[in-house]
Amino acid sequence: MRVFWTSSAEQDRADIADYISLESPLAAIRMDELFTEAAGRLAKHSGLGRAGKIPGTRELIPHENYMLVYEVNDDAVWILALVHVARTWPPRRS
């Protein structure tokens with residue numbers, strides 16, 4: 001199965017790397033590698049994780065502080081968001 005990152009998930013990933021790199025560039029690289037490894041596991045086992053809070057999604061915890069939100073469509077996994085677990089998910093509508 002192929003894995004795709006939506007543009008908003010890519011932005012989440014970049015924001016996380018930027019934030020962590022302020023303290024430790026090496027830690028930012030390692031964290032990003034964890035995200036890459038998690039996405040690779042989803043390519044082989046798209047049912048990993050738990051049912052998501054948004055119907056039709058699933059959630060995988062690649063690190064105790066972060067959650068990948070994704071959905072499976074036909075033969076593809078779409079990573080929709082990368083969220084810090086301390087944040088409210090899904091975001092509240094105003």
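Look a little higher up for the structure.
The rules behind these values
Residues numbered from 1 in each chain as written. Predicted model: local features only at pLDDT ≥ 70, side-chain atom pairs only at ≥ 80, totals over all residues. Heavy atoms only, no water. Phe/Tyr/Trp six-rings, centres within 6.5 Å; stacked < 30°, edge-to-face > 60°. Helix = DSSP H or I, 4+ residues; strand = E, 2+ residues; numbered from the N terminus. Buried < 20%, exposed > 50% of the residue type's maximum accessible area, 1.4 Å probe, protein only. Core = buried A, V, L, I, M, F, W, Y, C linked by side-chain atoms within 4.5 Å. Contact = heavy atoms within 4.5 Å. Pairing = 2+ DSSP bridges. Axes fitted to C-alpha atoms, helices over the stretch in contact; angles between N-to-C directions.

Enquirer: Got a sec to walk through the packing of aromatic side chains? Specific residues and values, please.
Expert: The tally for this structure, following the rule as stated, stands at two aromatic pairs. Between the aromatic rings of Phe4 and Trp78, the centroid separation amounts to 4.8 Å while the plane-to-plane angle is 25°, which identifies the pairing as stacked. Residue Phe4 is found in strand 1 (residues 2-5), and its partner Trp78 is found in strand 5 (residues 76-84); the two are separated by 74 residues along the sequence. Its relative accessible area of 26% is what places Phe4 among the partly exposed residues. Between Phe35 and Tyr66, the ring centres sit 5.6 Å apart and the planes meet at 80°, which makes this aromatic pair edge-to-face. In this pair, Phe35 is assigned in helix 2 (residues 25-44) and Tyr66 in strand 4 (residues 66-73), connecting sequence segments 31 residues apart.

Enquirer: Account for the nonpolar core, naming residues and giving values.
Expert: What tends to happen in soluble globular proteins is that the nonpolar side chains get buried as a cluster. Ranked by internal contacts, the top residues of the largest apolar core, which has 17 residues, are Trp5, Phe35, Tyr66, Leu68, Ile79 and Leu82. If you list the elements that add at least two residues to this core, you get helix 1 (7-21), helix 2, strand 4 and strand 5. For this core, the element with the most residues is helix 2, which contributes six residues. Sequence-distant contacts of Phe35, defined by excluding residues within four places in its chain, comprise Trp5, Arg13, Ile16, Pro62, Tyr66 and Leu82. Among the nonpolar cores identified, the runner-up in size contains five residues, and Val69, Ala81, Val83 and Trp89 belong to it.

Enquirer: Explain the sheet that holds strand 1 to me, using residue names and the numbers behind them.
Expert: What the five strands build is an open sheet, ordered 1-5-4-3-2; its pairing is mixed. Whereas interior strands pair on both sides, the edge strands pair on one side only; in this sheet they are strand 1 and strand 2 (50-51). Bridge count for strand 3 (residues 58-63) against strand 4 is four bridges, and the pairing is antiparallel. Its bridge partner being in strand 4, Leu60 is matched across the sheet by Leu68. Against the sheet, helix 1 makes contact with strand 1, strand 4 and strand 5, and its axis sits at roughly 40° relative to strand 5, the strand it touches most. Taken strand by strand, helix 2 contacts strand 1, strand 3, strand 4 and strand 5, and its axis lies near 140° from that of strand 3.

Enquirer: Can you tell me about the pairing of strand 5, naming the residues and giving the values?
Expert: It is a general feature of regular strands that their side chains alternate between the two faces of the sheet. One ladder, built from four bridges, connects strand 1 with strand 5; its direction is parallel. Paired with Trp5 across the bridge in strand 5 is Ile79. The pairing of strand 4 with strand 5 spans eight bridges and is antiparallel. Note on strand 5: the bridge partner recorded for Val69 is Ala81. Between strand 4 and strand 5, which follow one another and run antiparallel, lie two residues, and Asp74 among them has a positive phi close to 50°.

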